[in-house]
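Notes for the structure review
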Amino acid sequence: MPARPVPAAADQTREERIEALMKELRPKIEATVRRLVERAVDVPEAEEFGTIDLEFRDAGQKLVNEVRQAGLASRKKRGT
């Protein structure tokens, strides 16, 4: 029985995989953090709590989902 070819991505070290995912995610992360910081700076004092908390939570959840999707795609590329 012939050996199954190993995808090139499987040859990457753990650190290389992390760095590849960070490179992919960094623009989205930075854009989200920038938007949150701008919102925090611009929010009127009366709105410092409440609605802005929900916006921040939603932004964090969106980032979590982006990381999960990127991790899943990375595993599929490696064939694991």
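Quick look at the structure, then. In this text the structure is predicted, and so the values were computed from the model without any measurement.

A tally of regular secondary structure across the protein gives two helices and zero strands. For the protein, the residues scored as buried account for 14% of the 80 residues in total. Nonlocal contacts in the protein, meaning residues at least 24 apart in sequence, comprise 66% of its contacts between residues at least 6 apart. Accessible surface, the protein: about 6,600 Å² in total, of which carbon and sulfur atoms supply 57%.

Next up on the list: helix 1 (residues 14–42). Taking 1.5 Å of rise per residue, 29 residues should cover 42 Å, and helix 1 covers 40 Å from first to last C-alpha, within 8% of that figure. At Leu25, helix 1 shows its strongest bend, of approximately 45 degrees, with the proline Pro27 following within four residues. All of the buried residues along helix 1 are Leu25, Thr32 and Leu36.

A separate point is the side chain of Thr32. Topologically, Thr32 is positioned in helix 1. Residue class for Thr32 comes out buried when judged on its relative accessible area of 11%. Looking at Thr32, its side chain comes within polar contact range of the main-chain oxygen of Lys28, at 2.9 Å.

So, about the packing of helix 1 against helix 2 (residues 51–78). Each packed pair of helices is defined by two parameters, the angle between the axes and the distance between the axes. Between helix 1 and helix 2, the least distance of the axes is 10 Å, while the angle of their chain directions is 170 degrees. With respect to helix 2, the axis of helix 1 lies roughly antiparallel. Here helix 1 contributes Arg17, Leu21, Glu24, Leu25, Lys28, Ile29, Thr32, Arg35, Leu36, Arg39 and Ala40 to the contact with helix 2, which in turn contributes Ile52, Glu55, Phe56, Ala59, Leu63, Glu66, Val67, Ala70, Gly71, Ser74 and Arg78.

Here we come to the pattern of salt bridges. Using the criterion set out here, one finds four salt bridges in the structure. Across the pair Arg39 and Glu55 runs a salt bridge, and its minimum N-O distance is 2.7 Å. Of the two residues, Arg39 sits in helix 1 while Glu55 sits in helix 2, which places them 16 residues apart along the sequence. Given a relative accessible area of 32%, Glu55 falls into the partly exposed group.

Rules of the game
- Throughout, a residue's number is its position along its own chain's written sequence, starting from 1.
- In view of the model being predicted, local features appear only for residues whose pLDDT reaches at least 70, and side-chain atom pairs are presented and counted only at 80 or more, with totals across whole chains, interfaces and linings using the full set of residues.
- The side-chain figures draw on all heavy atoms in the structure; neither hydrogens nor water molecules are used.
- By definition, any uninterrupted DSSP run of H or I lasting at least four residues is a helix, any uninterrupted run of E lasting at least two residues is a strand, and each is numbered from the N terminus.
- Throughout, exposure labels follow a simple rule: accessible area from a 1.4 Å probe, protein chains only, divided by the maximum for the residue type, with under 20% read as buried, over 50% as exposed, and the rest as partly exposed.
- Any two residues whose heavy atoms approach within 4.5 Å at even a single point are treated as in contact.
- Areas reported as accessible are Shrake-Rupley estimates using a 1.4 Å probe. Residue values count occlusion only from the protein chains shown.
- By this rule, a helix spans an expected 1.5 Å times one less than how many residues it contains.
- A residue's bend is given by the angle between axes fitted to the 7 residues ending at it and the 7 residues starting at it.
- Whenever a nitrogen or oxygen atom comes within 3.5 Å of another N or O atom, the pair is scored as a polar contact, on the condition that within protein one atom can donate a hydrogen and the other can accept it, and that pairs from neighbouring residues in sequence are kept only if both atoms are in side chains.
- The axes used here are C-alpha line fits, helices contributing only the stretch in contact, and every angle between their N-to-C directions lies in the interval 0 to 180 degrees.
- For classification purposes, an angle smaller than 35 degrees is called roughly parallel, one larger than 145 roughly antiparallel, one from 65 to 115 roughly perpendicular, and anything else oblique.
- In what follows, salt bridge is the name for a side-chain nitrogen of Lys or Arg lying within 4 Å of a carboxyl oxygen of Asp or Glu.

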